[in-house]
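Okay, here's what each chain looks like letter by letter:
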Amino acid sequence: MKSFLNCMKSFLDKLTFLVGCFAGMLIFFCGMMIAYEVVVRSVFNAPTEWTMELATYCVTIAGFLGMSVTYAAKKHIHVDLLISKLSKKTCDMLEIVTTLVGAFYSFIFTVKGAQMVMLSYELNNCAPTTLQTPLWIPQSSMPIGMGILFLYLVHDFLEKVMVVCCGEEVSK
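Residues numbered from 1 in each chain as written. Predicted model: local features only at pLDDT ≥ 70, side-chain atom pairs only at ≥ 80, totals over all residues. Heavy atoms only, no water.

### Observations concerning the state of the cysteines
Under the defined criterion, the tally for this structure stands at zero disulfides. For C58, which is in no disulfide, the shortest distance to another cysteine sulfur is to C30 and amounts to 5.8 Å. Considering cysteine sulfurs only, C58 is the nearest to C126, which forms no disulfide, with 18 Å between them. (Disulfide = S-S within 2.5 Å.)

### Focus: the packing of helix α1 (residues 2-42) against helix α2 (residues 51-72)
At their nearest, the axes of α1 and α2 sit 8 Å apart, and the two run at 150 degrees to each other. With respect to α2, the element α1 is oriented roughly antiparallel. As for the relative orientation of α1 and α2, their crossing is left-handed in sense. In contact with T16, V19, G20, F22, A23, L26, I27, C30, M33, I34 and E37 of α1, α2 contributes T51, L54, A55, C58, V59, I61, A62, L65, S68, V69 and A72. (Axes fitted to C-alpha atoms, helices over the stretch in contact; angles between N-to-C directions. Helix = DSSP H or I, 4+ residues; strand = E, 2+ residues; numbered from the N terminus. Parallel < 35°, antiparallel > 145°, perpendicular 65-115°, else oblique. Left-handed = near helix turned anticlockwise from the far one by under 90°. Contact = heavy atoms within 4.5 Å.)

### Focus on the packing of aromatic side chains
The final tally for this structure, using the stated rule, is seven aromatic pairs. Ring centres of Y36 and W50 lie 5.9 Å apart, and the angle between their planes is 25 degrees; this geometry places the pair in the stacked category. Taken together, the positions of Y36 in helix α1 and W50 in the loop between α1 and α2 put the pair 14 residues apart, joining distant regions of the chain. The class for W50 is partly exposed, based on a relative accessible area of 31%. Between F104 and Y105, the aromatic rings sit 5.3 Å apart at their centres with planes inclined by 75 degrees, giving edge-to-face as the arrangement. Note on F104: relative accessible area 49%, which makes it partly exposed. (Phe/Tyr/Trp six-rings, centres within 6.5 Å; stacked < 30°, edge-to-face > 60°. Buried < 20%, exposed > 50% of the residue type's maximum accessible area, 1.4 Å probe, protein only.)

### A word on the nonpolar core
The nonpolar side chains of soluble globular proteins are, as a tendency, buried together. Ranked by size, the top nonpolar core spans 19 residues in total, and within it L26, C58, L65, Y71, L149, Y152 and L153 carry the most contacts. Look past the residues within four positions of L153 in its chain and what remains in contact with it is Y71, T99, G102, A103 and S106. (Core = buried A, V, L, I, M, F, W, Y, C linked by side-chain atoms within 4.5 Å.)

### Quick look at the side chain of E53
Structurally, the position occupied by E53 is in helix α2. Despite its burial, E53 pairs with no opposite charge, the nearest such side chain being R41 at 13 Å. Polar contacts involving the side chain of E53 include one to the side chain of Y57, which spans 3.0 Å. Among residues more than four places away in sequence, those in contact with E53 are A127, T129, L131 and T133. (Lys, Arg positive; Asp, Glu negative; His and termini not counted. Salt bridge = Lys/Arg side-chain N within 4 Å of Asp/Glu carboxyl O. Polar contact = N/O pair within 3.5 Å; in protein donor to acceptor, adjacent residues only side chain to side chain.)

### Quick look at unusual backbone geometry
Although it is not a glycine, N45 adopts a positive phi angle of roughly 50 degrees. Looking at where N45 falls in the secondary structure, it is placed in the loop between α1 and α2. Taking the relative accessible area as the measure of exposure, N45 reaches 65% and is therefore exposed.

Next up, the structure:
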């Protein structure tokens, strides 16, 4: 089980690195598009129609893809006010429960997001804008990002259960 969890962690770390690089590039392109819009609007008095739409897609996609990156870096918000007063065993049990709840919700989000993407694709839904972007493209970031987050939560759940129940540390 330890070797499976180590392989899973290695795979997820590599996948998260790639997803994080892509999300970072999207944020960079978003900044460049907005800077371009500011220049053409203020200097040339020629605003674009596409900048706001693409910038919104970039930020949204980067946000969903960045969830697993944030989780992997242990940067998600958590409140330590009460947890710091609990015993180690109680904290471990609480972490198991909260990780399981997080995995459950991220799984539901992944499945429902995938259904939404498939429906948008089947119905050929497009944005009611000049670009007429097929909506399944930006929507795909939801099940992808939440799916990767789900896999991380499953990994951490299994790892914590091994530590609490079996006393086995999984090497990192």
